[in-house]
Amino acid sequence: MNLRPFRDIRVGIRPPKRVWILLSVAAFLFFFTLLPLSSTSIRSITTVESELYSFDDHTWDIEEVGIFSVTEQLSIVGKVQWYQETWKQGVKGMAGVVFPVIPSSYMETSYGLAFEDTGDIVHHALADFYYEHPAFLGLLSVRAQFSDNGQVYMPSVGIKWYTTDRLSLWGKYTTSIDTVIGFDHSFWGEAEYKILDPLLLKAGGTIGSYHADESSPQELEYSFLGGLGFLPMEMIKLSYQFEYTIRQQYGIISNALILDARL
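Residues numbered from 1 in each chain as written. Predicted model: local features only at pLDDT ≥ 70, side-chain atom pairs only at ≥ 80, totals over all residues. Heavy atoms only, no water.

**Section: the overall build of the chain**
Phase 1: For the chain, the helix and strand inventory stands at 1 helix and 14 strands.
Phase 2: Residues classed as buried in the chain amount to 42% of the 263 residues present.
Phase 3: A separation of at least 24 residues holds for 43% of the contacts in the chain among residues at least 6 apart in sequence.
Phase 4: For the chain, the accessible surface area stands at approximately 14,400 Å², while carbon and sulfur atoms represent 65% of it. (Helix = DSSP H or I, 4+ residues; strand = E, 2+ residues; numbered from the N terminus. Buried < 20%, exposed > 50% of the residue type's maximum accessible area, 1.4 Å probe, protein only. Contact = heavy atoms within 4.5 Å. Areas by Shrake-Rupley, 256 points an atom, 1.4 Å probe, with all protein chains shown as cover.)

**A look at the pattern of salt bridges**
As a working rule, side chains carrying opposite charge can pair if their charged atoms are close by.
Phase 1: Under the definition given, this model contains 8 salt bridges.
Phase 2: For Glu192, the salt bridge goes to Lys237, with nearest N and O atoms at 3.8 Å. Taken together, the residues Glu192 in strand S10 (residues 182–196) and Lys237 in strand S13 (residues 236–246) connect sequence positions 45 residues apart.
Phase 3: The exposure class assigned to Glu192 is buried, which follows from its relative accessible area of 16%.
Phase 4: Judged by its relative accessible area of 26%, Lys237 falls in the partly exposed class.
Phase 5: Within the structure, one salt-bridge network assembled from shared partners comprises Lys160, Glu192 and Lys237. (Salt bridge = Lys/Arg side-chain N within 4 Å of Asp/Glu carboxyl O.)

**Considering the pairing of strand S6 (residues 121–133)**
Phase 1: Of the strand pairs in this sheet, strand S5 (residues 105–116) and S6 are connected by 11 bridges, and their pairing is antiparallel. Each residue of the ladder has a partner; that of Tyr111, found in S6, is Ala125.
Phase 2: With antiparallel pairing between neighbouring strands as the criterion, S5 and S6 make up a hairpin whose turn holds 4 residues, including Gly119 at a positive phi of roughly 100°.
Phase 3: In this structure, S6 lies alongside strand S7 (residues 136–147), joined through 11 bridges in antiparallel fashion. Within S7, the position partnered with Phe129 by the bridge is Leu140. (Pairing = 2+ DSSP bridges.)

**Focus: unusual backbone geometry**
Phase 1: Even without being glycine, Asp56 reaches a positive phi, approximately 75°.
Phase 2: Looking at the secondary structure, you find Asp56 in the loop between strand S1 (42–53) and strand S2 (58–69).
Phase 3: We classify Asp56 as exposed; its relative accessible area is 69%.
Phase 4: Non-glycine residue Ser104 carries a positive phi angle of around 70°.
Phase 5: Within the secondary structure layout, Ser104 lies in the loop between strand S4 (89–100) and S5.
Phase 6: Classification of Ser104 by relative accessible area gives partly exposed; the value is 45%.

**Brief notes about the pairing of S7**
It is a general feature of regular strands that their side chains alternate between the two faces of the sheet.
Phase 1: In this structure, the hairpin formed by S6 and S7 is closed by a connection of 2 residues.
Phase 2: In terms of strand pairing, S7 meets strand S8 (residues 150–162) through 12 bridges, oriented antiparallel. Bridging from a neighbouring strand, Leu137 pairs with Lys160 of S8.
Phase 3: In this antiparallel pair of consecutive strands, S7 and S8, the connection spans 2 residues.

**Section: the packing of aromatic side chains**
Phase 1: Counting across every chain of the model gives 8 aromatic pairs.
Phase 2: Aromatic pair Phe55 and Tyr250: ring centres 5.3 Å apart, planes at 90°, arrangement edge-to-face. Of this pair, Phe55 sits in the loop between S1 and S2 while Tyr250 sits in the loop between S13 and strand S14 (251–262), placing them 195 residues apart in sequence.
Phase 3: Relative to Trp188, the ring of Trp170 has its centre 5.6 Å away and its plane inclined at 70°; by these criteria the two rings are edge-to-face. Of this pair, Trp170 sits in strand S9 (residues 167–178) while Trp188 is found in strand S10, placing the two residues 18 residues apart along the sequence.
Phase 4: According to the relative accessible area criterion, Trp170 is buried, its value standing at 16%.
Phase 5: Here a set of aromatic residues connected by ring pairs shows up, and it is made of Tyr53, Phe55 and Tyr250.
Phase 6: In this arrangement the basic side chain of Arg247 is found over the ring face of Tyr210, its NZ or CZ atom lying 4.1 Å from the centre. (Phe/Tyr/Trp six-rings, centres within 6.5 Å; stacked < 30°, edge-to-face > 60°. Lys NZ or Arg CZ within 6 Å of the ring centre and 35° of its normal.)

**As for the environment of Leu137**
Phase 1: Topologically, Leu137 is positioned in strand S7.
Phase 2: As for Leu137 and Ser105, which are separated by 32 residues in sequence, their C-alpha atoms are 9.6 Å apart.
Phase 3: Residues in contact with Leu137, not counting those within four places in the same chain, are Tyr130, Tyr131, Glu132, Gly158, Ile159, Lys160 and Tyr162.

Here's what the structure looks like:
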């Protein structure tokens, strides 16, 4: 979804502008050195997303998530993200673990840093709790972005119902508590239907509030989304998602490709 309650938070550390390039290479090498550690399975989720704003601004976002099984109950998570916007570009690296909590549940905790060519450093942390049931998947999540100048906390709750063998329904409510901007919230809902065994179709939308900047009032945004999922084989899923977000000042067209592979 395109609700963006996170603002840019600056701290007093200003590394050289090319430091994000070196960190990106280091994170890439670190990611692949973890591959031999996985004795059970490896999951790779690669996302490439482009956003086009109605005032001709264009952004790119590329993210790689690797999940490496150490044992049947413990996994290591590594994430590398590169993003480019009109006024900045940067790289974010995160690392964490996935572990069981109670029967039929598991939790991910991760922490990382984002380095931008403007010299900004942003801290990121998350804790996601999942509960799996044959009829549904539940999610409780808390994500945070912080620095000495302010913090943003995003608690959320979501559920995915498997209504039939072919149809599932998803809903997620998210709040954003920003110590500078204030409070925002949103709801994301969608339905996914298996047209054929290898082909999935989904449609839905979002509705929520946002602040254009620190001095602007809270305003309403909503979006429409659709997508296709293709499963050429049991361990690989290729997805495409389109989303059009409408805000008072402008609109956003988002296109994303996602490759989810298990080895």
